[in-house]
Amino acid sequence: MPVRNAAEGILSDEKSAQRQELIELLQRAYWMEIETVMSYIANSINPDGVRAQEIIESLEGDIQEELGHAQQFAKRIKELYGVVPGSLEFTAEQSYLQPPEHQTDIVHVIKGVIEAETGAIEHYNRIIEFTDGLDYVTQDMVIEILHDEEGHRRLFEGYLREYETEGLA
Ligand SMILES: [Fe+2]
Ligand SMILES: [Fe+2]
C-alpha cells in the first residue's frame, strides 16, 4: 500500500476539484490584501490637513494587519498544494482608492476604505460559505480575518458619520 499523506477532507484526491476552486478563491483574496496594502500606504501618506491625522494613523495600523492577512492567505494556498502567484499575475481593481484631486479630500479616502473593506467582507463571506463542511481550517482562518475587516469598516463608517453630521460628506 502506498503511503497516503493527504487522504482526508479537503486534502484528499477526491476533493481535488474543490481544492483547486478554493485555491483560486484564496489567490483572489491574497491579491485583494496586497492591493489594499498598496492603497493604504498611499492614503496614509498623501492626505493633508489637521483632520487627516486620525485617518493617517488608522490606516498605518491597518497596513500591518492587511499585510498579515496576505501572508495568511499565501500560507494556506501552499498548505492546500497550490502556488502563491507571482507579481505578473496581479491586476489592480481599486479605482475608488486612487489619490483624490485634492489631498485634503478626506471623505474620498474614507469612502474608498469602506468600499475596499466591503469588497473583502463580501469575498470572505463567500469563502466561508464555500468551505463549510469542506475545509474547516481555511474557514476558521477566514472567519478571523473577516472579523478584522468588519472592525476596519465599522471604524471608517464612524468617521464618515462624523463628516455627514457636519454636512461635509
Ligand atoms: Fe485584510
Ligand atoms: Fe481591512
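Owing to the predicted nature of the structure, the values given are computational and were not obtained by experimental measurement.

Engineer: Would you take a moment to explain the overall build of the protein chain for this structure?
Structural biologist: Regarding its fold elements, the protein chain presents four helices and zero strands. Starting at the N terminus, the α and β elements of the protein chain follow one another as α-α-α-α. The principal-axis extent of the C-alpha atoms belonging to the protein chain is close to 70 × 30 × 20 Å. Looking at the protein chain as a whole, 43% of its 169 residues qualify as buried. Once local pairs closer than 6 in sequence are excluded, the contacts in the protein chain between residues at least 24 apart make up 76%.

Engineer: Explain the coordination of the iron ion (ligand 1) here, please?
Structural biologist: Expected angles at a metal are 109.5 degrees for tetrahedral coordination by four donors and either 90 or 180 degrees for octahedral coordination by six donors. The protein atoms donating to the iron ion (ligand 1) are Glu33 (OE), Glu33 (OE), Glu66 (OE), His69 (ND1) and Glu149 (OE), with metal-donor distances spanning 1.9 to 2.4 Å. Read N to C, the donor residues that coordinate the iron ion (ligand 1) are spaced as E-x32-E-x2-H-x79-E. Separation of the iron ion (ligand 1) from the iron ion (ligand 2) amounts to 3.9 Å, with Glu66 serving as a shared donor to the pair. Of this pair, Glu33 sits in helix H1 (residues 16-43) while Glu149 sits in helix H4 (residues 136-165), and the two are 116 residues apart along the sequence. Judged by relative accessible area, Glu33 falls into the buried class, the value being 2%.

Engineer: Help me out: how do you make sense of the nonpolar core in this one?
Structural biologist: When a protein is soluble and globular, its nonpolar side chains tend to lie buried together. One finds Leu26, Tyr30, Phe73, Tyr124, Ile127 and Val142 to be the most contacted residues of the largest nonpolar core, which totals 24 residues. Counting residues per element, this core draws most heavily on H1, which supplies eight residues. Apart from the residues lying within four places of it in its own chain, the contact partners of Leu26 are Phe73, Arg76, Ile77, Leu80, Ile127 and Thr138. Ranked by size, the runner-up nonpolar core spans 19 residues in total, among them Val113, Ala116, Phe156 and Leu160.

Engineer: Before we go on, may I ask you to explain the coordination of the iron ion (ligand 2) in this structure?
Structural biologist: Ligation of the iron ion (ligand 2) by protein atoms is provided by Glu66 (OE), Glu117 (OE), Glu117 (OE), Glu149 (OE) and His152 (ND1), these donors lying 2.0 to 2.3 Å from the ion. Read N to C, the donor residues that coordinate the iron ion (ligand 2) are spaced as E-x50-E-x31-E-x2-H.

Engineer: Is there a simple way to explain the side chain of Ser12 in this structure?
Structural biologist: With respect to the element layout, Ser12 can be found in the segment before H1. Among the polar contacts listed, one links the side chain of Ser12 to the backbone oxygen of Gly9, at a separation of 2.7 Å.

Engineer: Sorry if this is basic, but what is going on with H4 here?
Structural biologist: Within an α-helix, residues lying three or four positions from one another point in the same direction, as the helix has 3.6 residues per turn. Between its first and last C-alpha, H4 extends 42 Å over 30 residues, near the 44 Å set by a 1.5 Å rise per residue. Residues of H4 that are buried: Thr138, Gln139, Met141, Val142, Ile145, Leu146, Glu149, His152, Phe156, Tyr159, Leu160 and Tyr163. Those residues of H4 hidden inside the fold are in contact with H1, helix H2 (52-79) and helix H3 (106-131). By the N-cap criterion, in which a side-chain oxygen at the helix start approaches the backbone nitrogen of a residue two or three places on, H4 is capped by Asp135, the distance to Val137 being 3.2 Å. Just beyond H4, the residue with positive phi is Gly167, at close to 75 degrees.

Cut-off values and rules
Residues numbered from 1 in each chain as written. Chains lettered and ligands numbered in written order. Predicted model: local features only at pLDDT ≥ 70, side-chain atom pairs only at ≥ 80, totals over all residues. Heavy atoms only, no water. Helix = DSSP H or I, 4+ residues; strand = E, 2+ residues; numbered from the N terminus. Buried < 20%, exposed > 50% of the residue type's maximum accessible area, 1.4 Å probe, protein only. Contact = heavy atoms within 4.5 Å. Donors = N, O, S within 2.8 Å, 3.2 Å for Na, K, Ca; no water. Core = buried A, V, L, I, M, F, W, Y, C linked by side-chain atoms within 4.5 Å. Polar contact = N/O pair within 3.5 Å; in protein donor to acceptor, adjacent residues only side chain to side chain. Expected span 1.5 Å × (residues − 1).

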